Each structure stands twice: as structure tokens, then as C-alpha cells.
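If you want the building blocks of each chain, they are given just below.
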Amino acid sequence: MNRAEPLVLGIETSCDETGIGIVRGHRLLANTIASSMDEHARYGGVVPEVAARAHLEALEPTLTAALAEAGIALADLDAVAVTSGPGLSGALMVGVGAAKALAVSLGKPLYAVNHLVGHVGADVLDSEDGTIEYPTIALLVSGGHTSLLLVRDLVSDVELLGETIDDAAGEAFDKVARILGLPYPGGPQIDRAAVGGDPKAIRFPRGLSLPKDMERHRYDFSFSGLKTAVARWVEAKQDAGEPVPVADVAASFREAVVDVLVSKAVKACTELGVPRLLLGGGVIANARLREVAAERTASAGIELRIPPLQLCTDNGAMIAALAAQLISAGHEPSSLDFGADSTLPVTEIQVH
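I will try to describe carefully the structure that is included in this document.

Conventions we followed
- Residues numbered from 1 in each chain as written.
- Predicted model: local features only at pLDDT ≥ 70, side-chain atom pairs only at ≥ 80, totals over all residues.
- Heavy atoms only, no water.
- Disulfide = S-S within 2.5 Å.
- Buried < 20%, exposed > 50% of the residue type's maximum accessible area, 1.4 Å probe, protein only.
- Helix = DSSP H or I, 4+ residues; strand = E, 2+ residues; numbered from the N terminus.
- Expected span 1.5 Å × (residues − 1).
- Polar contact = N/O pair within 3.5 Å; in protein donor to acceptor, adjacent residues only side chain to side chain.
- Axes fitted to C-alpha atoms, helices over the stretch in contact; angles between N-to-C directions.
- Parallel < 35°, antiparallel > 145°, perpendicular 65-115°, else oblique.
- Left-handed = near helix turned anticlockwise from the far one by under 90°.
- Contact = heavy atoms within 4.5 Å.
- Nonpolar A, V, L, I, M, F, W, Y, C, P; charged D, E, K, R; others polar.

### With respect to the state of the cysteines
By definition, a disulfide links two cysteine residues through a covalent bond between their sulfur atoms.
And then number 1: Inspection of every chain in the model, using the stated rule, returns zero disulfides.
And then number 2: Note on cysteine 269: no disulfide assigned, nearest cysteine sulfur contributed by cysteine 312 at a separation of 16 Å.
And then number 3: By relative accessible area, which is 2% here, cysteine 269 ends up buried.

### A look at helix α12 (residues 316-328)
And then number 1: Over its 13 residues, α12 extends 18 Å from the first C-alpha to the last, a length consistent with the 18 Å expected when each residue adds 1.5 Å.
And then number 2: Buried residues dominate α12, accounting for 11 of its 13 residues.
And then number 3: Within α12 the residues assigned to the buried category are Gly316, Ala317, Met318, Ile319, Ala320, Ala321, Leu322, Ala323, Ala324, Leu326 and Ile327.
And then number 4: Of the residues that open α12, the one with a side-chain oxygen 3.1 Å from the backbone nitrogen of alanine 317 is asparagine 315.
And then number 5: A positive phi of about 90° marks glycine 330, the residue just after α12.

### Re the packing of helix α5 (residues 169-179) against helix α6 (residues 186-193)
And then number 1: It is at 8 Å that the axes of α5 and α6 come closest, and there the two elements cross at 60°. It follows from the interaxial angle that α5 and α6 lie oblique. Crossing of α5 over α6 shows left-handed handedness. Here α5 contributes Phe173, Asp174, Val176 and Ala177 to the contact with α6, which in turn contributes Gly186, Gly187 and Ile190.
And then number 2: Of the residues that constitute the contact of α5 with α6, the class distribution is four nonpolar, two polar and one charged.

See the structure below:
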């Protein structure tokens, strides 16, 4: 095996996107994604059984497309990598099963890795020399996860500082979009609806930001109460027979989410003495989140890292990149005994 620049194929199936990525060391060769989002739209959210079936159907053509994009054959690979968790159990099982079959049939080592740490690993593919400066605070925001991590070393030392105690930020966007009569997925719809809206029109609550909350949940997040506050505000307008100012509601809701996300991330950087912040996850596509993060990190003297948007959403390239870093650091492959782990802790970077 080429440990200096291993050629790794990564498989990601933790939610509704089938991702196949191929990297050589820290160089991206292919990043192919098939999304089943349209199939979930009629239900207003991701249905686990539908997602698992979509992965089964998309895996082979997505793999074929990635190999063609990279210009390699399966036999050329040094290793195979796969997301073991966290995520939807049925969806994860599809990827894990496929990865094991590939590894056994090709006689290649297999690396089972953590989905959340993979998002941090995506930054390797966006750096010139394939390195990440440590320590780094990572804010990961998606439909299923909202987590704040302290990364001292990508392959050996990742600490969970805080996470959502109820809804993830992406879930809150989906639910508020439904309240406002907007289609799924909610993130892009709220972004569009907020254009021209006043983000200060309505002061929606910032979850777990009061002094009494900061004692126990300093770096944790909560968006359930915010969602309820939006619903009650809209209901009051409708009961009074008044029109709902959708643009103002969307802008004010988005501002509340962005405010608490960025405030807690910057607070973690300043309180822990870490001068850099990395953003990852699909919700990072939100323009206002990127804008506020840039403003506040610049004011605090914190370096802000945001990988290209195609590497922020769930993808196989980040899984391959993390495995390549593990290989280069001398880590041994996983055994074939591992399975899908929907609650895999972020501290378990590789499942052995």
C-alpha cells in the first residue's frame, strides 16, 4: 500500500445522499453524489426506508460514474473507506455492506470511519499541502446534526463540546418552511423567502443562550423552542385575520438560528484559545450563515475555514480523505466485524 499518497475510495450513505469519492492522498479525483431528496419531498422530510432503497438503486451507477471521473479501475485502489455512523441505520447498512463486499472481492483493506469527523476531513482536500492546523473548532450543521467539536488531531483526538439537545438546525428549517407553506427542503426555501425581509422585524428566541442555560449547556444548541415560537406567532396572525409577512418571518427565523450557531462557535474559539473555526455540513450553504460567520470571526481575529460547498454536504470524498489521513498516519484497517452504528460517538474516529 502507498501510505504516503494512498488511493482511497470512500462510500457515504448516512442519510439521503449516495456519495462515492476517490482521493489520492489529499488530492480529490472524484466526488459523485446521487440524492434522493425529490423522493422525500412529498413527505416533507427524509423517510429512512425510502432513503435505504434509494441507496441500493443508486450505489452501482454512482460508483461507476466516480471511477470514470477519476480515470481509475477498482484494482488500482489502495483501500476502501465507508461511513459506519452516525446516521440512519438502514441507510448506513447499505453503504457498509457494499464497502465490505468491495474490500473482500478486491482484497483491499477497509476503513470504517465517523461521518462527523469526515466533515472535518473535507478541509484536507481544500488545503494546498493537505494539512489542517490544530487545534481547530469545527461547527457542523446539517439536517440531522448540529455539533461543535474541538479537533486537536484529525485522526486521534476529537472532542465533542456540544450538540443539539432536540432538533438539528436543518430540521428546524424544514419545519418552519412547512409552517410558512414552503416546500421541502426548507433551507433553500427559507433563504429565498427571506430576500427583502427584515431580520429584526421579530425577535425570536435564541435557544440555550440565557445565563441559566449557559451553565449546563454552554456549547449545546436547541431549536425546538424557536420552531414553536414561529408557529405560535404565525398562528396569532392567522387567527387575527392578518396576512403573514413571510419574508420578515423567514428572515427573522434565519437570523435567530444563525445568531446562536455563530455566537456559540465564536465563544468556543475565544474561551478555549483556538484561533480558527471550520464550518461543515449542508446548512453551511445558507448564505446568511456564511456572511455572519465571516463578519464575527474577522472581528474576533479568528481564521475561518469553509470548504467548497460540494464538500460541505454529505459526500464520499470526505470519507475517503479521512481514511487517507488515517492510512498516512500508520493506522491499521478495520476488521470486518463492524456494523452500522446510528449513534457512533464523535470520539470514535475509526471503528476497528
